[in-house]
Amino acid sequence: MDDGIRRHRWIITAEKVSENHGDDGGQLEVLSEFEGTREEAERALEQAARTMTVGTFLQERRRLVYRQLDGSYLVRCTGRMGGHHSRLVRVARLVWDSAAEVD
């Protein structure tokens, strides 16, 4: 059981869900990798959802951040010219590393 005190290896990713100009999404981007507690990972995830760059050329006018029931975030940004970009932002804990196996 993870009580939040143990330090683990974490990764935060953002998956492109959709854009209004026909892109189907599905592209995965690694936003950060770090060691920390569960609480630190949850804070880092929310911070990433609030501050990550969503669209390279999107002049962001508005950002909506939704926390989903599974703990991930849906980020929807609207641009000044009316376009929108959506990303699904998640955090995952490393549970196995083949390089760490003992011979």
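For the structure, see preceding data.
About the cut-offs
- Residues numbered from 1 in each chain as written.
- Predicted model: local features only at pLDDT ≥ 70, side-chain atom pairs only at ≥ 80, totals over all residues.
- Heavy atoms only, no water.
- Helix = DSSP H or I, 4+ residues; strand = E, 2+ residues; numbered from the N terminus.
- Polar contact = N/O pair within 3.5 Å; in protein donor to acceptor, adjacent residues only side chain to side chain.
- 1 Å grid on protein atoms, 1.4 Å probe; cavity = no way out; pocket = protein on both sides within 12 Å on 5 of 7 lines; lining within 4 Å.
- Points joined across faces, edges and corners; volume = space filled by probe spheres on them.
- Nonpolar A, V, L, I, M, F, W, Y, C, P; charged D, E, K, R; others polar.

Along the chain, Arg-87 turns up in strand β5 (residues 84-93). Here Val-54 takes part through its backbone oxygen, which lies 2.6 Å from a polar atom of the side chain of Arg-87.

In this section: the layout of surface pockets. What the largest pocket holds in volume is close to 240 Å³. Considering the residues around the largest pocket, the lining is formed by 13 residues, among which Glu-42, Leu-45, Asp-70, Gly-71 and Val-91 are closest to the centre. Here the lining of the largest pocket takes four residues from helix α1 (residues 38-51), the largest share from any one element. Taken together, the residues that form the lining of the largest pocket break down as five nonpolar, two polar and six charged.

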